[in-house]
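Residues per chain, in single letters:
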Amino acid sequence: MKQFSFAVTLIITLQTLVCGQSADTFRRWHFGAMAGPNFTIYVPKSANFDAVTGLMTGADIGYSLQNSPKGWSLHFQPYFGASRSSTEFGTKGTDSYSKSKSKTRTINLPLLVRYTITGGKVRPFAEIGSVWNAWSRWYFKSTICDNAGCYDFGGDWETVSNNDHRFSALMSAGVQVDVGKVTIPVTVRVLQLLKKKETIYEPVSGVEYTIPTVRTIQVTAGLTF
């Protein structure tokens, strides 16, 4: 009788453990990848400089703070960014013509707090956080023409190490859609470089102007498991 009671107790205990670890159990950890275009602009806008276009690709490591997709979660989203630009002044073939082009390569480490508004298969969310620029390289080449002819300068990659331009604030909004066993997040993100306001006074013209800061808009899509 005692053996029978022990066997029944053991079966009930094992069933409880199996049910507690079934596929229906909410997983707090999530891993994914994301990619998309980004557009960088100067604030305030500088004349003759349009938005710099580029691409970003990265990973998403998320942890939910509750046993539900609705609510708060933390996200670490390291990504690699690449962009390029080209600017021309004057008329080609004249002595007042100039052309410059640049490329950038960066590694960025965002840490975000996200709030998911609903808990269904389609879940809008908003998030806020900061981004640390861990590594950045810059390429610049320019062609300038004057009465003596045209000449080039630049053309080498340089590693940028400016501690005043390391951190950006990030705000974003998006939606997550469950498709089978994967989730597709689509997000619009705005990154604002955090730096002190810098102004320069030009004694010849008597004009004071503000050195523009950088704002980046990203549109990303990805897969999360």
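All of these numbers come straight from a predicted model, not from anything done at the bench.

1. Some points on the side chain of Arg189
Mapped onto the fold, Arg189 is located in strand 9 (residues 182–193). This buried residue, Arg189, is left without a salt bridge; Glu127 holds the nearest opposite charge, at 4.5 Å. In this structure the side chain of Arg189 is engaged in a polar contact, spanning 2.7 Å, whose partner is the side chain of Gln77.

2. Considering the packing of aromatic side chains
Enumeration according to the criterion identifies 6 aromatic pairs in this entry. Centroid distance Trp29 to Phe31: 6.4 Å. Interplanar angle 10 degrees. Geometry classified as stacked. By relative accessible area, which is 46% here, Phe31 ends up partly exposed. Note on Phe140 and Phe153: the rings are 6.2 Å apart at their centroids and 50 degrees apart in plane angle, and the pair reads as tilted.

3. A closer look at the confidence of the model for the protein chain
For the protein chain, mean pLDDT is 85; residues scoring 70 or higher make up 84% of the total. The lowest-confidence element of the protein chain is helix 1 (residues 2–20), averaging 41 in pLDDT; the highest-confidence one is strand 3 (residues 71–76), averaging 98.

4. Observations concerning the layout of surface pockets
Looking at the second largest pocket, its volume works out to about 620 Å³. Lining the second largest pocket we find 37 residues, and of these Phe26, His30, Arg123, Asp178 and Thr183 sit closest to its centre. Broken down by secondary-structure element, the contributors of at least two residues to the lining of the second largest pocket are strand 1 (29–43), strand 2 (52–64), strand 3, strand 5 (98–116), strand 6 (122–146), strand 8 (167–179), strand 9 and strand 12 (213–224). At 5 residues, strand 9 tops the list of elements feeding residues into the lining of the second largest pocket. For the lining of the second largest pocket, the per-class residue count stands at 10 nonpolar, 18 polar and 9 charged.

Procedures and definitions
Residues numbered from 1 in each chain as written. Predicted model: local features only at pLDDT ≥ 70, side-chain atom pairs only at ≥ 80, totals over all residues. Heavy atoms only, no water. Helix = DSSP H or I, 4+ residues; strand = E, 2+ residues; numbered from the N terminus. Buried < 20%, exposed > 50% of the residue type's maximum accessible area, 1.4 Å probe, protein only. Lys, Arg positive; Asp, Glu negative; His and termini not counted. Salt bridge = Lys/Arg side-chain N within 4 Å of Asp/Glu carboxyl O. Polar contact = N/O pair within 3.5 Å; in protein donor to acceptor, adjacent residues only side chain to side chain. Phe/Tyr/Trp six-rings, centres within 6.5 Å; stacked < 30°, edge-to-face > 60°. pLDDT = per-residue confidence, 0-100. 1 Å grid on protein atoms, 1.4 Å probe; cavity = no way out; pocket = protein on both sides within 12 Å on 5 of 7 lines; lining within 4 Å. Points joined across faces, edges and corners; volume = space filled by probe spheres on them. Nonpolar A, V, L, I, M, F, W, Y, C, P; charged D, E, K, R; others polar.

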